[in-house]
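# Structure at a glance
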Amino acid sequence: MRERNLRRRSKIIRLLDFMGPFTLALTIILILSIARSAAAQETKNPLAGNAKAAQEGASQFRINCALCHGLHAQGGSRGPDLTRGVWNHGGSDAELFRTITQGVSGTLMPANDISDAETWEIIAYLRSVAPAKLKKAPGDPKTGEKLFFGDANCALCHMVRGKGGRIGPDLSRVGSARSPEYLAAKIRDPNRALAAGLMQPGMEWPLDYQTVTVVTRDGQSITGVLRNEDSFSIQFMDQAENLRLYLKNDLQKVTYEQKTLMPAFGDDILDDAQLRDLVAYLDGLRGEVAQK
Amino acid sequence: MKMRSILFALILVCALVRTSRAQVSSEQLDHATRSPQNWLTYSGDYSGRRYSELQQINTANVSRLAPAWVFQSEVAGKFEATPLVIDGVMYFTSPDDHGYAVDARTGRVIWRYDRSLPSRVIACCGRVNRGFAALGDKLFLATLDAHVVALDAKTGSVLWDVEAADYRLGHSFTLAPLVVKDKVIVGISGGEYGIRGFVDAYDTNSGKRAWRFYTVPGTGEAGNETWAGDSWKRGGAPAWITGSYDPDLNLIYWTTGNPSPSDDPSVRKGDNLYSNCVVALDADTGKLRWHFQFTPADAHDWDATEVPVLLDLNIDGKPRKLLAHANRNGFFYLLDRTDGKFLLAKPFAHINWANEVGPDGRPRLLPAATPSKEGTVVCPAAAGATNWMSPTFSPQTGLLYVVTREQCDIFTALPQPFHPGHPYLGSVYYKPVENKPWGALRALDPATGEIKWEFKYVSAPWSGALSTAGGLVFAGDMEGYLIAFDARTGKDLWHFQTGAPIIAGPMSFSLDQKQYVVIASGDAVVAFKLPD
């Protein structure tokens, strides 16, 4: 048995020698591209346009997805808004199916062990709440970008494609995750809770970007953004982007504030037109890699 | 001649093995705390106290406690088991129902039992298992595909394997069984899938089912009238945590879980007996002797799922046989365990759904705690003010230590049709953004429910607690610490970072005159002792 396998293998190797590496590479690319386009063309949602399936999908969504993406798919504390028709990891039926069942590496999107039928129901539901075509945010993104890195000082704390600060969330893909309305509201009033994640028994997460102030034994008071903590130690980033790591025994006091370090940008700082431009810029951020 | 002597030696060896005493006798189980070198049941003994008489590790020296060994199962998932230790051998289970016997001195494996599970077992909350039960030379395991299995404790070989229910309909086992006399008792999980709950007893020798107590009464049985229409058929009321046993009264105390669907009482109008109860069952027949329901017509998934703690105290000058129970609904309860008479209820956590529990034992509801379409903020959260993690009672301090979760949920109604084997919840719940969950280990006076001390955790815990005659309480947290507290004051005297959230109960045993404290964490079992 083993010998026969060896013999078969050597046949393949001989074939490779004959074809040469270049031809082989071409053949593989050709085969792969045919296979891929065939799969993309063939896999369509069998439940597309089925209102009852979409309704069933809404229930499935609540059970399986709402934890991160919010009750009505409008985004949660961990997952993007899915009602906008922006599909960062591909918007075809086959691509959505793959995203749901296999997850997305490098993000918090996990693979989901749900049946094919349930997956198609969820996709039917998402199609029913997302517009086929994306509305473009009004405003001038170029002016918005200038504001972001200039007068509005957003980049002091936020990073976009490797440029900016580290205190606040990286906004390189915020346009695919949040609606323009959400972004505008959050800029005007950052402490407003706009996204609601869902809880599952056994799963808890700390609040993101919680503000903490500690007082050291020698009376120094330091404020920053909490990264992690436990009963005995605390890890946070101060406003100068230093990581501060303490044992709680070495601190006089730890104070938590249920509000963000981000200032509110009222219309005295950022008028409505500027806000529109800034949002238009943010809306265009879809996670593209920095160009050199 | 030589041949003959070898043969003779062999016969002698076999004879010795045949007559060797069983590892764990029924009498030993009745008095488990008298052999504190062993840990013979899930809770340490039948009383559910999770208390060890060992005192080598104590308040004076616990600061020097150090790891003795670490066993890595290499099985991913939530490691929820409490190991047993019998005469120097440790037995435990990992996620996915694998079983292990290890040298308790070193953690080296003696045998391993591999469970081959169907790829799609239906378990709400992870492919977890909480451990073995033991009798004689046998170990008992209840599996995620709803089987009960007996293993040879010396080899791990399967002695019998019986199916209790169809796993494809949402039945599963996650608990450590309880052996009572010649029977192994198990309770089913599946309250999220509209099963009909039960507690089963199997003959330890044959695996033959001796009795079954359905936690949802059928047509014509008392209690069936507490379910509208035929809602009882999918009424849930699972029985998914190990019970306690009083040998003198011959009663098994088992707690039951939520009615199905867990958050939509409108489709099952009535009290929904015997969901969210403690039931007292005759150990020989499984017949119901009494019941007490903590949360009638539940809308918040508040299973009564905590090990009942049996203790004897003087109440109003009279000695009473009591059952103490901190419930997921946020109240601490004290009952007379001879007849189930309600004696006391007092909140041990923040609650907003009820004022108090009346003299009749029923909660006085506050309006507007029912799940609504828009969402209703209810405290405690669905996961409860406590959950399956074991409490502990120390006879030394007279205090009951309750692992407490301070958390609220927004309950949003989601009427759901019933499909066998599929989630049947009737709502979804999520965390109010402004409400950061936290938790505490709280020491309660069981006679009054008064909180004597607390230690705050930064997040809501899932670890059980152990008390010892060394004046200590051990408990873990979600940040990965195993912590030793002064049982009298709550001062933290020692902690060790295990590297993963602790979702199991600690236990203790001794070997070679050395006391060990053991906790499961991550994929590992970690054993601690004092340095030589």
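Residues numbered from 1 in each chain as written. Chains lettered and ligands numbered in written order. Predicted model: local features only at pLDDT ≥ 70, side-chain atom pairs only at ≥ 80, totals over all residues.

Quick look at the overall build of chain A now. Each helix and strand counted, chain A has nine helices and seven strands in total. By residue count, 29% of the 292 residues in chain A fall in the buried class. For chain A, the share of sequence-separated contacts (at least 6 apart) that also reach a separation of at least 24 residues comes to 64%. (Helix = DSSP H or I, 4+ residues; strand = E, 2+ residues; numbered from the N terminus. Buried ≥ 20, exposed ≤ 12 C-beta atoms within 10 Å, placed from the backbone. Contact = placed C-beta atoms within 7 Å.)

The next point concerns the overall build of chain B. Check the secondary structure of chain B and you find two helices and 38 strands. At 22 Å, chain B has a C-alpha radius of gyration in line with the 24 Å of a compact globule built from 532 residues. Projected onto its principal axes, the C-alpha coordinates of chain B cover approximately 90 × 50 × 50 Å. (Rg over C-alpha atoms; globule rule 2.2 N^0.38 Å.)

A word on the domain arrangement of chain A. Examined at the domain level, chain A breaks down into domain 1 (1-30), domain 2 (51-129), domain 3 (141-196 + 264-283) and domain 4 (211-257). Each of domain 2 of chain A and domain 4 of chain A has a C-alpha centre, and the two are 38 Å apart. (Domains from an automatic or database assignment.)

A few words on the sheet that holds strand β7 (residues 251-257) of chain A. Residues and elements named next belong to chain A. With antiparallel pairing, the five strands of this open sheet are ordered in space as β6-β5-β4-β3-β7. The outermost strands of the open sheet, each flanked by one partner alone, are β6 (243-247) and β7. In this sheet, neighbouring strand axes are inclined to one another by 40 degrees on average, regardless of whether the strands run parallel or antiparallel. Of the strand pairs in this sheet, strand β3 (residues 211-216) and strand β4 (residues 221-229) are connected by five bridges, and their pairing is antiparallel. When the bridges of β4 are listed, V215 appears paired with S221. (Pairing = 2+ DSSP bridges. Axes fitted to C-alpha atoms, helices over the stretch in contact; angles between N-to-C directions.)

Another point: the sheet that holds strand β19 (residues 309-315) of chain B. Residue and element names in this part refer to chain B. If you trace the four strands from one edge of the open sheet to the other, you get β19-β20-β21-β22, paired in antiparallel fashion. Two strands in the sheet have a free side with no partner beyond their single neighbour: β19 and β22 (342-347). Between one strand axis and the next, the sheet turns by 30 degrees as a mean value, whatever way the strands run. Relative to strand β21 (residues 331-336), strand β20 (residues 318-326) runs antiparallel, the two being bridged by five bridges.

This paragraph deals with the packing of helix α8 (residues 180-188) of chain A against helix α9 (residues 272-283) of chain A. Residues and elements named next belong to chain A. Viewed as axis vectors pointing N to C, α8 and α9 meet at an angle of 125 degrees, and their least axial separation amounts to 10 Å. Overall, the two elements α8 and α9 adopt an arrangement that is oblique. The interaxial crossing formed by α8 with α9 has right-handed handedness. Two secondary-structure elements touch here, α8 through P180, L183, A184 and I187 and α9 through L275, L278, V279, L282 and D283. (Parallel < 35°, antiparallel > 145°, perpendicular 65-115°, else oblique. Left-handed = near helix turned anticlockwise from the far one by under 90°.)

Bringing the nonpolar core into the picture now. Formed by 186 residues in total, the largest nonpolar core has its most connected members in F132, A134 and L281 of chain B. Per-element tally for this core: the top contributor is helix α5 (residues 116-129) of chain A, with six residues. Once residues within four sequence positions are removed from consideration, A134 of chain B is found in contact with Q23, V24, L40, L84, I86, Y91, L139, A153 and V179 of chain B. Of all hydrophobic cores here, the second largest spans 19 residues; its members include L147, A184, I187 and L278 of chain A. (Core = buried A, V, L, I, M, F, W, Y, C linked by C-beta atoms within 7 Å.)

Turning to unusual backbone geometry, a few remarks are in order. Residues and elements named next belong to chain B. A cis geometry characterises the amide bond from S260 onward to P261, with omega recorded as -10 degrees. With respect to the element layout, P261 can be found in the loop between β16 (251-255) and β17 (277-282). For the bond from L273 to Y274, the omega torsion is -5 degrees, close enough to zero to count as cis. Mapped onto the elements, Y274 comes out in the loop between β16 and β17. Of note in this structure, N272 is not a glycine but carries a positive phi near 65 degrees. Position of N272 among the secondary structure elements: in the loop between β16 and β17.

Before going further, it helps to spend a moment on the confidence of the model for chain B. Across chain B, the average pLDDT comes to 94, with 95% of residues at 70 or higher. Both scores are given for the predicted complex: the pTM is 0.85, the ipTM 0.83. (pLDDT = per-residue confidence, 0-100.)

Now for the packing of helix α6 (residues 141-149) of chain A against α9 of chain A. Residues and elements named next belong to chain A. Where α6 contacts α9, the axes come no closer than 7 Å and their chain directions differ by 95 degrees. Comparing their axes, α9 and α6 come out roughly perpendicular. For the pair α6 and α9, contact is made by P141, T143, G144, E145, L147 and F148 and by Q274, D277, L278, V279, A280 and Y281, respectively.

This brings us to the confidence of the model for chain A. Residue and element names in this part refer to chain A. Of the residues in chain A, 78% have a pLDDT of 70 or more, and the chain-wide mean is 81. Contacts from residues 1-19, a stretch scored under 50 in pLDDT, to residues over four places away or in other chains number two contacts. In this model, residues 196-207 is a region of pLDDT below 50 whose contacts with residues beyond four sequence positions or in other chains number 36 contacts.

The next thing to look at is the pairing of strand β34 (residues 481-486) of chain B. All names here are of chain B. Counting buried residues in β34 gives five out of six residues, a clear majority hidden from the surface. Two strands pair when backbone bridges link them, and strand β33 (residues 472-476) and β34 are joined in this way by five bridges, in the antiparallel orientation. Counted as the bridge partner of F474 is A484 from β34. The hairpin formed by β33 and β34 contains four residues between the paired strands, and G480 there has a positive phi angle of roughly 105 degrees. Pairing of β34 with strand β35 (residues 492-497), which is carried by five bridges, proceeds in the antiparallel orientation.

Turning next to α8 of chain A. All names here are of chain A. The set of residues buried in α8 consists of L183, A184, K186 and I187. Down the axis, α8 shows its buried residues gathered within 165 degrees of arc, on one side only. Residues of α8 that are buried in the fold lie against α9. (Arc of directions from axis to C-beta.)

All right, on to helix α4 (residues 93-102) of chain A then. Residues and elements named next belong to chain A. Taken together, the buried positions of α4 are L96, T99 and I100. Along the axis of α4, the buried residues cluster in a sector spanning 95 degrees; they form a single face. Turning to α4, the residues buried within the fold contact α5. The positive-phi residue at the C-terminal boundary of α4 is G103, with phi of around 75 degrees.

In this section: the environment of C379 of chain B. Residue and element names in this part refer to chain B. As for its placement among the helices and strands, C379 is situated in the loop between β25 (376-378) and β26 (392-394). Since 19 C-beta atoms lie within 10 Å of it, C379 is described here as partly exposed. In sequence terms C379 and Y167 are 212 residues apart; their C-alpha atoms lie 33 Å from each other. Ignoring sequence-local partners within four residues, the contact set of C379 consists of H350, I351, N352 and C408.

Our next topic: the environment of S52 of chain B. Residues and elements named next belong to chain B. Summarising the element assignment, S52 is placed in strand β1 (residues 51-52). A residue is classified by how many C-beta atoms lie within 10 Å of it, and S52, with 29 of them, is buried. In this structure the C-alpha to C-alpha distance between S52 and N38, which are 14 residues apart in sequence, comes to 9.5 Å. Those residues in contact with S52, other than ones at most four positions away along the chain, are P36, G44, L466, T468, A469 and S508.

Residue and element names in this part refer to chain B. Within the secondary structure, V148 is located in strand β9 (residues 147-152). Once the C-alpha coordinates of V148 and I185 are considered, the two residues, 37 residues apart in sequence, prove to be 9.6 Å apart. Setting aside chain neighbours within four positions, we find V148 in contact with F140, A142, V162, A164, V184, V186 and Y202.

The next point concerns the pairing of strand β31 (residues 451-457) of chain B. Along any regular strand, the residues point their side chains to alternate faces of the sheet. Residues and elements named next belong to chain B. With six bridges connecting them, strand β30 (residues 438-444) and β31 associate as antiparallel partners. Residue pairing in the sheet places A440 in a bridge with K456 of β31. Counted between consecutive antiparallel strands, the loop separating β30 from β31 contains six residues, among which G449 sits at a positive phi close to 80 degrees.

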